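The residues making up each chain are set out below.
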Amino acid sequence: MVELITEAISIGWPAFAFLIGLLVYFQVKLTDPVQKKNVTFKTFIGILCTFMAFIAIANYKNNFYGESRLLPVSLVMITSLAYIMGIYFTNIGALMKIGGFMFFVAAALSGYGNWLPQVEGGFPPPEVKLDFQSMTPQQLADEGEKIIFGGLGQSKVQGAIGKGQCPLCHGFNQGFLSERAPNLWDVPARAEERLKHEKYHMNDPAARDTVQKEAFEGSGTATTGQEYIAESHACPSCFVVPGFGVKGTNDTESPMPRIHKPPISLTLGELAAVDTWLYVREGKEAPTYEEISASYEKFIPEGERPQASAEGDEAAGGVLATGEEPITDLFMKAGCPACHTIPGIEGATGKVGPLLMEGSNAPQRLKDPGYKGHATSTREYITESILNPSMYVVKDFPDNQMPKDFGQKLSAGAVNKIVNYLSSLKEGQDLPSLEDFN
């Protein structure tokens, strides 16, 4: 507040000086005590209103480019000074009261809009093309860390999640208890041990007691640690680590999506970068780019291998969706199906997060005594859960699993499109037509 007052004085001192000069002038010129008292009172009212006006200007100036939601305060102050002027300056009273009403309406609308969950706009960052094949092992590992955690050095930051979305389920540190998927600490060494597991059935896919025997007919099984890592990414249900299968399947089906397919869709170059990081961070020599690529080519049919752009693989990060995509593509780009089941969206059968039947779920959660968010409607709740997922955590699902940067990675149009679709999903009602949301 002190800063606002100082700012108001610094930009409004000429007006204050002028009003004080008028006051002194009338004190000298007028001889009638009643007139002097009246002029003095009105001059002080004028000084007060001028001071309020410049505080409003200073508040608007200081908060315009920040994240503060105090901008409507400026309109409230202008409304107040307009009504004060209307009361004490009767010759312009009608004009001031009309102006005050207009500013009051503007303040109400601005205040409501300002307190809605915000989405940061702006131009998408420029795309950076990468040539993974020509990178050194350390450079590949650095790119792998970005893909897994969203940035270089982010592997040490709790809750950091990149395009690969691995930390949603996996732990990466020794001793960390992973509840949804195996801990990937020292996975290069443990991959060799997995091949010896009694349920792996090396060289005999038909003997596997899983929903999927092999990645594709004739692909066979892994014979090296690196091939095991590649197979577990390309065909997670080919072998399920005991204790980490979908509930009720007796570890015959994995909840993990195939990460070379939507919604994650890592290219061969990105998969090589991820695997290289798993080796390098343990201080071990990683297989070459060609060796890692060959291990994935064994388990991913040529027609399913994700292709990089003509100029090279794209770096992780940037804007995921603009809102111009068809609704199914939008969900895939945002990665929602990897964790959530979304009725009506093909492939959206994730079990990591709650079922997104939000037309029915949201009203119930808003009534939950444990809800501490700011939403008051279904649409506001869905928007809030996308932009600030920790505001309310659904029972039986842990916090800090959902990425918190969708405000930067999804445009306002994309968020609005997602909210429109999810709010239309209601239990017991027919699914909406996807065409209505494209």
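Residues numbered from 1 in each chain as written. Predicted model: local features only at pLDDT ≥ 70, side-chain atom pairs only at ≥ 80, totals over all residues. Heavy atoms only, no water.

*Asks:* Would you mind showing me how to read the overall build of the chain here?
*Replies:* Within the chain one finds 14 helices and two strands. Intrachain contacts of the chain at a sequence separation of at least 6 include 57% that bridge at least 24 residues. (Helix = DSSP H or I, 4+ residues; strand = E, 2+ residues; numbered from the N terminus. Contact = heavy atoms within 4.5 Å.)

*Asks:* Teacher, can you tell me more about helix 5 (residues 137-149) here?
*Replies:* Side chains three or four residues apart in an α-helix point the same way, a direct result of the helix having 3.6 residues per turn. Along its 13 residues, helix 5 runs 18 Å from first to last C-alpha, staying within 8% of the 18 Å computed at 1.5 Å per residue. Among the residues of helix 5, Leu-140, Ala-141, Glu-143, Gly-144, Glu-145, Ile-147, Ile-148 and Phe-149 are the ones counted as buried. Positioned one or two residues after helix 5, Gly-150 has a phi angle of 95°, which is positive. (Expected span 1.5 Å × (residues − 1). Buried < 20%, exposed > 50% of the residue type's maximum accessible area, 1.4 Å probe, protein only.)

*Asks:* I tried to follow the environment of Asp-430 on my own but got confused; where do I start?
*Replies:* Tracing the chain through its elements places Asp-430 in the segment after helix 14 (412-423). Along the backbone, Asp-430 and Gly-344 are 86 residues apart, and their C-alpha atoms lie at a distance of 9.8 Å.

*Asks:* I tried to follow the layout of surface pockets on my own but got confused; where do I start?
*Replies:* Left-over empty space is what a probe sized like a water molecule reveals as it rolls over the atoms. Its boundaries defined by the atoms lining it, the second largest pocket holds a volume of some 970 Å³. Cys-169, Arg-180, Ala-181, Phe-244 and Pro-255 are the residues nearest the centre of the second largest pocket, which is lined by 43 residues in total. Contributions of two or more residues to the lining of the second largest pocket are made by helix 6 (187-194) and helix 7 (225-234). Considered class by class, the residues forming the lining of the second largest pocket number 27 nonpolar, nine polar and seven charged. (1 Å grid on protein atoms, 1.4 Å probe; cavity = no way out; pocket = protein on both sides within 12 Å on 5 of 7 lines; lining within 4 Å. Points joined across faces, edges and corners; volume = space filled by probe spheres on them. Nonpolar A, V, L, I, M, F, W, Y, C, P; charged D, E, K, R; others polar.)

*Asks:* Teacher, can you tell me more about the side chain of Gln-165 here?
*Replies:* Locating Gln-165 in the fold gives a position in the loop between helix 5 and helix 6. In contact with Gln-165, other than residues within four places in its own chain, are Ile-147, Ile-148, Ile-264, Ala-334, Gly-335, Ala-338 and Cys-339.

*Asks:* How should the pattern of salt bridges be read in this particular structure?
*Replies:* Between side chains of opposite charge, a pair can form as their charged atoms come close. Evaluation of the coordinates by the stated rule reveals eleven salt bridges. Across the pair Glu-227 and Lys-298 runs a salt bridge, and its minimum N-O distance is 2.9 Å. Pair noted here: Glu-227 is in helix 7 and Lys-298 is in helix 9 (residues 289-299), with a separation of 71 residues, a long-range link. Its relative accessible area of 16% is what places Glu-227 among the buried residues. Ionic pairing is found between Arg-365 and Glu-358, a salt bridge with its closest N-O pair at 3.4 Å. Here the two residues Arg-365 and Glu-358 agree in accessibility, since each one is buried. (Salt bridge = Lys/Arg side-chain N within 4 Å of Asp/Glu carboxyl O.)

*Asks:* What is the right way to read the side chain of His-340 from this model?
*Replies:* Turning to its location among the elements, His-340 is positioned in the loop between helix 10 (327-334) and helix 11 (358-366). Not counting chain neighbours up to four residues away, the residues in contact with His-340 comprise Ala-348, Thr-349, Gly-350, Gly-353, Pro-354 and Leu-356.

*Asks:* Quick question: what am I supposed to make of the packing of helix 7 against helix 8 (residues 268-280) here?
*Replies:* The relative placement of two packed helices comes down to the angle between their axes together with the axis-to-axis distance. With their axes 12 Å apart at the nearest point, helix 7 and helix 8 run at an angle of 130° to one another. Taken together, the axes of helix 7 and helix 8 lie oblique to each other. Once helix 7 is placed against helix 8, the crossing between them reads as right-handed. Where helix 7 approaches helix 8, its residues Gly-225, Gln-226, Ile-229 and His-233 are matched on the opposing element by Leu-271, Asp-275 and Tyr-279. Taken together, the residues that form the contact of helix 7 with helix 8 break down as three nonpolar, three polar and one charged. (Axes fitted to C-alpha atoms, helices over the stretch in contact; angles between N-to-C directions. Parallel < 35°, antiparallel > 145°, perpendicular 65-115°, else oblique. Left-handed = near helix turned anticlockwise from the far one by under 90°.)

*Asks:* Just to check I follow, could you spell out the packing of aromatic side chains for this structure?
*Replies:* Working definition: an aromatic ring pair is given by the centre-to-centre distance plus the angle between the planes. A complete count under the given rule lists eleven aromatic pairs for this structure. Considering the side-chain rings of Phe-172 and Trp-277, the 5.9 Å spacing of their centres and the 70° angle between planes classify their relative orientation as edge-to-face. You can see Phe-172 sitting in the loop between helix 5 and helix 6 and its partner Trp-277 sitting in helix 8, a full 105 residues away along the chain. Across the pair, Trp-277 and Phe-172 agree in class, each one buried. Between Tyr-381 and Tyr-392, the aromatic rings sit 6.3 Å apart at their centres with planes inclined by 65°, giving edge-to-face as the arrangement. (Phe/Tyr/Trp six-rings, centres within 6.5 Å; stacked < 30°, edge-to-face > 60°.)

Function cannot be read off these values alone, since they describe shape.
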